[in-house]
Every structure is written in C-alpha cells, then in structure tokens.
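In case you want the letters, here they are:
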Amino acid sequence: MMMRKALMVAGTLLLAACRTSAPVATAPAPTPAIAPPAWEHALARQSTDATLYQYSSAEAHRLFQQCYELARIRLDANLALPRARPPAVVVDIDETVLDNSPYQVKAAAQDRAFNAATWNEWVLMASAKPLPGALEFLRYASKMGCAVFYISNRDEAGKNATIKNLFELGFPDANEAHVLCMDASGSDKTKRRNAVMATHDIILLAGDQLRDFDEAFKDRGTELGKPLVDARRDTLRDRFILLPNPMYGTWLDAVAGKADSLKAGNKSTFFQQHAY
C-alpha cells in the first residue's frame, strides 16, 4: 500500500513538472526561396548572350584594348592643340574602366534581372576588375599632365567604395575631388562635366554610352538616335571614345522601355515590327 502511494505521488510530481517546464522550441521550417516572376525570368533569359559576350569573349577583350589604343592616339593629337586651361580626361566608370560583368553573370545564374539592392551589394564589395587597356591609358594620360575625372551614375552611397576600388587598382586621381557620382539632380552628367570645364579643358571623354559625351543623345525618338550621331560624327571622332556594352544602356531603354515588367514583351513587339 505504501509502495502504491509512493508511485502515485511520484507520478503526480512528474506530471506537475511536465506542466510547468518551458516548452521545447521547434525550429521553423526554412522559408522557401521565392521564385522570380515570369517577366523577370524572361528578361533574365533574354540578357544571357549579351552577358556571355561581355564576360567571356576574346572579341570584347580585344575591343576594349583597341578602344584604349585609339584613345592614346586621340589624346596625343588633342594635347598638341592650343588650350587655355590645364587638360583633363573625363571617363565613365561602369563598363568603361571597371568591369561589372561578374554581377551580370551572377544575376543570370540566379535567373534574375538587374536589382538595385544586389547592385549596391556588388558596388560595396569594391572588387570590380579593370577593363582591358583602361588602367594603362589613364596612367599614360596622367603622366602626360592630364587630370582624370570619373563621372559616374553610381550614387553617393557607393562613392567611398568606388574610390577604394579604383585606388586599390592603381587608377590615377582616385579621390573625393575627382570621382563625381550621381546626386539628387539625377543621371544627366552635364552639370558635372560643366564643373570640370570650369577649371580644365576636357580634351577627351570616354564611356559606354553616347550620353557620356552629351546628354542630347538621350533622345532616341528619331531613328533611335542615329541621325544625331551622323550629324556630330566629326566631334565624336576627335573627342569621344565609345566602349562596348551590349548588356544595358540608353539604347536598350529606347526599345524596351524603363518598366522592368514590360521589357520582355516590348522587345518581342519590336522584333515582330521589324522582322523582314
């Protein structure tokens, strides 16, 4: 009888202990990855060949070398001309002196289109490599007495990382005064170019977009901007070096528009309208 009571008491105490002890935490199931929307999948697929060309082709590698070889010829010719102020060379950064195709490769691998958040992560890594010929040319320009200004539409939040990236690669004038990022005034580079011209004569510009030379080239309403190129061909020949970029740009916006969700459809429509 005593044994039976002891067992009953022990059972009661054990049950009470179970009721007052903290519940065991259960790890939540991992959140499943959210698949990209159909439009993003289509857009990412459409960009893969351009990314492959820029990232992996010997042709793109040679094109950059060739552009900067021409840049040296143009620089020497323009330095021989009379000028009133110290000479300067103005260059864009992305797809002009720094190679961001690894960012595009990762986006393609993940079936993703361009995204501001992942782009900012890439910029803050400060790990972009120099494009072929860029570093050698700008060092040469600096040696010849030219100030180098980097006018970029990277935003101010990424400016320090951009300067770090350029400086660690050995680019000349990679500092606060010579790296001019996009501010609240927007992507038009005219104001920043004018600031350089207040103290220097710009003898050569280089970029992967015609807008890196003049904002007038943003207008692609007439024959996608080609007549304006023809009209200004002589000035472009002497003063501007255009680098290859099949991955993105004003040329693509002119066909596909700016709304990401509509770009794939707009491209298809363009092909249908222009197919022979």
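These figures come from a predicted structure and were not determined experimentally.

Engineer: What should I look at first to understand the pairing of strand 5 (residues 179-182) in this one?
Structural biologist: Put simply, side chains in a regular strand alternate between the two faces of the sheet. Pairing of strand 4 (residues 147-155) with strand 5 involves 3 bridges; the strand directions are parallel. Bridge pairing in strand 5 links Ile 151 to Leu 180.

Engineer: Explain the side chain of Asn 165 here, please?
Structural biologist: In this fold, Asn 165 is placed in helix 8 (residues 159-169). Excluding residues that lie within four positions of it along the chain, Asn 165 makes contacts with Leu 98, Ala 126, Ser 127 and Ala 128.

Engineer: What exactly am I supposed to notice about the sheet that holds strand 5 here?
Structural biologist: Through backbone hydrogen bonds, the strands of a sheet pair up, either in parallel or in antiparallel fashion. Across the sheet, which stays open at both edges, the 5 strands sit in the order 5-4-1-6-7 with parallel pairing between neighbours. Each of the sheet's edge strands pairs with one partner strand only, and the pair in question is strand 5 and strand 7 (240-242). Taken over all neighbouring pairs, the strand axes of this sheet differ in orientation by 20° on average, direction set aside. Relative to strand 4, strand 1 (residues 87-91) runs parallel, the two being bridged by 4 bridges. When the bridges of strand 4 are listed, Val 89 appears paired with Val 148.

Engineer: I would appreciate a short explanation of the pattern of salt bridges in the present structure.
Structural biologist: According to the stated counting rule, one finds 15 salt bridges in the structure shown. As a salt-bridge pair, Glu 40 and Arg 112 come within 3.3 Å of each other at their nearest N and O atoms. Taken together, the positions of Glu 40 in helix 2 (residues 38-46) and Arg 112 in the loop between helix 5 (101-109) and helix 6 (116-125) put the pair 72 residues apart, joining distant regions of the chain. Arg 112 gets classed as partly exposed once you look at its relative accessible area, which sits at 31%. Of the charged contacts, one joins Glu 215 and Arg 211 as a salt bridge, the two residues approaching to 2.9 Å between their closest N and O atoms. Here the two residues Glu 215 and Arg 211 agree in accessibility, since each one is buried.

Engineer: Would you mind going over the side chain of Arg 193 with me for this structure?
Structural biologist: Relative to the elements of secondary structure, Arg 193 occurs in helix 9 (residues 190-197). Here Arg 193 occupies a buried position and makes no salt bridge, while the nearest side chain of opposite charge, Asp 188, is found at 4.7 Å. Once you skip the residues sitting within four places of it in the chain, Arg 193 turns out to touch Ile 151, Ile 202, Leu 205, Arg 211, Asp 212, Phe 213, Asp 214 and Glu 215.

Engineer: Would you mind going over the environment of Glu 121 with me for this structure?
Structural biologist: Tracing the chain through its elements places Glu 121 in helix 6. Counting along the chain gives 18 residues from Glu 121 to Tyr 103, while the straight-line C-alpha distance between them is 9.8 Å.

Thresholds, definitions, all that
Residues numbered from 1 in each chain as written. Predicted model: local features only at pLDDT ≥ 70, side-chain atom pairs only at ≥ 80, totals over all residues. Heavy atoms only, no water. Pairing = 2+ DSSP bridges. Helix = DSSP H or I, 4+ residues; strand = E, 2+ residues; numbered from the N terminus. Contact = heavy atoms within 4.5 Å. Axes fitted to C-alpha atoms, helices over the stretch in contact; angles between N-to-C directions. Salt bridge = Lys/Arg side-chain N within 4 Å of Asp/Glu carboxyl O. Buried < 20%, exposed > 50% of the residue type's maximum accessible area, 1.4 Å probe, protein only. Lys, Arg positive; Asp, Glu negative; His and termini not counted.

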